[in-house]
Amino acid sequence: MLKEAGYDTTIYARGHRLEVLQNHGLLYKKNNIIKKVDIKVIDHLQDNAIYDFIFLTVRENQLYQALKELKSNKSKTIITMVNTLDNYEKCESIVGKGKILPAFPGAGGSITNNILDAALTPKIIQPTTLSEISGKKTKRTEQLLQILKHAHIPYQQVNNMHIWQLCHLGMVVPLADAYYQTENPKFVGQDKVVMRKTAIQLKKNFNTLYKNLNTLSPVKMHIFRYLPTSILIYILSQTFKSSFGKKFMYQHSMKAPDEMRELHNQFYSYIKKWRL
């Protein structure tokens, strides 16, 4: 979308992904039609190759290794678009203070048979979210918001990205767990026991988060606290059964179980400290 909006865009890739991109280009599905975007692909990032923004879109268990590879590059901004409980101190300790701009993509999907099958999440559910670590609006956040707007990518700027990430994990960890707790993940929405367990865990997570943070981000996350369990079970069941659930929840949970299970361990270890 950045490339098609007219921005000079480069993909840094390695291994099998690099080979596919070099040989076939970036293939993606749009309205069930396979399309191709011509885009520059590199296998090495020179230290003096300066980019306005580097979007770091990796799994949580790849974050710090990726930052180590980027630390010598002279670009001023690395946008960490990744699930993380880090308050960004460790990230900055690797690449340097002031270089990290925390964010999270409002998109989901997967790569199947070397074809990207993904979509933007509806803005009302989760737009691309970003914030300076300080929470302040800056020239670079304004520049980034303008780029997203021009590329027709829904966005929002929040006051505290760390709190937003905590709330995001409070939601996605139980959703991913549901797939791992049932015998047939494709039909988890029909598993009444797992749906009830997931609803109860979501309510517990957000009550704990609110009790200790005195806020939730975004505010709509209070719905998990206030909705009666029976209604929440019904909504979850329908969501898991929907095409939305398949694209934005099922595909990632099934293709990245190592990441989601690690995030499970990290999240519950983190909030367990509050209860002691």
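Residues numbered from 1 in each chain as written. Predicted model: local features only at pLDDT ≥ 70, side-chain atom pairs only at ≥ 80, totals over all residues. Heavy atoms only, no water.

Caption draft 1: Helix α8 (residues 229-241), seen in detail. Compared with the 18 Å implied by 1.5 Å per residue over 13 residues, the 18 Å span of α8 between its first and last C-alpha is a close match. The complete set of buried residues in α8 reads L232, I233, L236, S237 and F240. Buried residues along α8 cover an arc of 135 degrees about the axis, so they all sit on one side. In this structure, α8 carries S230 and Y234 as exposed residues pointing more than 90 degrees from its buried face. In this structure, the buried residues of α8 make contact with α5 (161-180), α6 (192-213), α7 (223-226) and α9 (243-255). (Helix = DSSP H or I, 4+ residues; strand = E, 2+ residues; numbered from the N terminus. Expected span 1.5 Å × (residues − 1). Buried < 20%, exposed > 50% of the residue type's maximum accessible area, 1.4 Å probe, protein only. Arc of directions from axis to C-beta. Contact = heavy atoms within 4.5 Å.)

Caption draft 2: Representation of the nonpolar core within the structure. Judged by nonpolar contacts, the single largest core of 35 residues is most densely connected at M171, M195, F206, L209, L236, F240 and F267. Listing elements by their share of this core, those giving two or more residues are α5, α6, α8, α9 and α10 (257-275). Ignoring sequence-local partners within four residues, the contact set of F206 consists of C167, G170, M171, L216, M221, F224 and R225. In terms of nonpolar packing, the next biggest core, distinct from the first, is built from 14 residues, L56, A66, I78 and V95 among them. (Core = buried A, V, L, I, M, F, W, Y, C linked by side-chain atoms within 4.5 Å.)

Caption draft 3: Representation of the sheet that holds strand β5 (residues 54-56) within the structure. Reading across from one edge, β5-β6-β7-β10-β11 is the order of the five strands in this open sheet, with mixed pairing throughout. Only two strands of the sheet have a single partner each, and these edge strands are β5 and β11 (155-157). On average, each strand axis in the sheet is inclined to that of its neighbour by 25 degrees, with strand direction left out of account. Where strand β7 (residues 100-104) lies against strand β10 (residues 128-130), two bridges are found, and the strand directions are antiparallel. Note on β10: the bridge partner recorded for F104 is T129. Sheet strands touched by helix α2 (residues 63-70): β5, β6 (78-81) and β7. Its angle to β5, the strand with the most contacts, is close to 155 degrees. Sheet contacts for helix α4 (residues 139-150): β5, β6, β7, β10 and β11; angle to β11, the most-contacted strand, approximately 165 degrees. (Pairing = 2+ DSSP bridges. Axes fitted to C-alpha atoms, helices over the stretch in contact; angles between N-to-C directions.)

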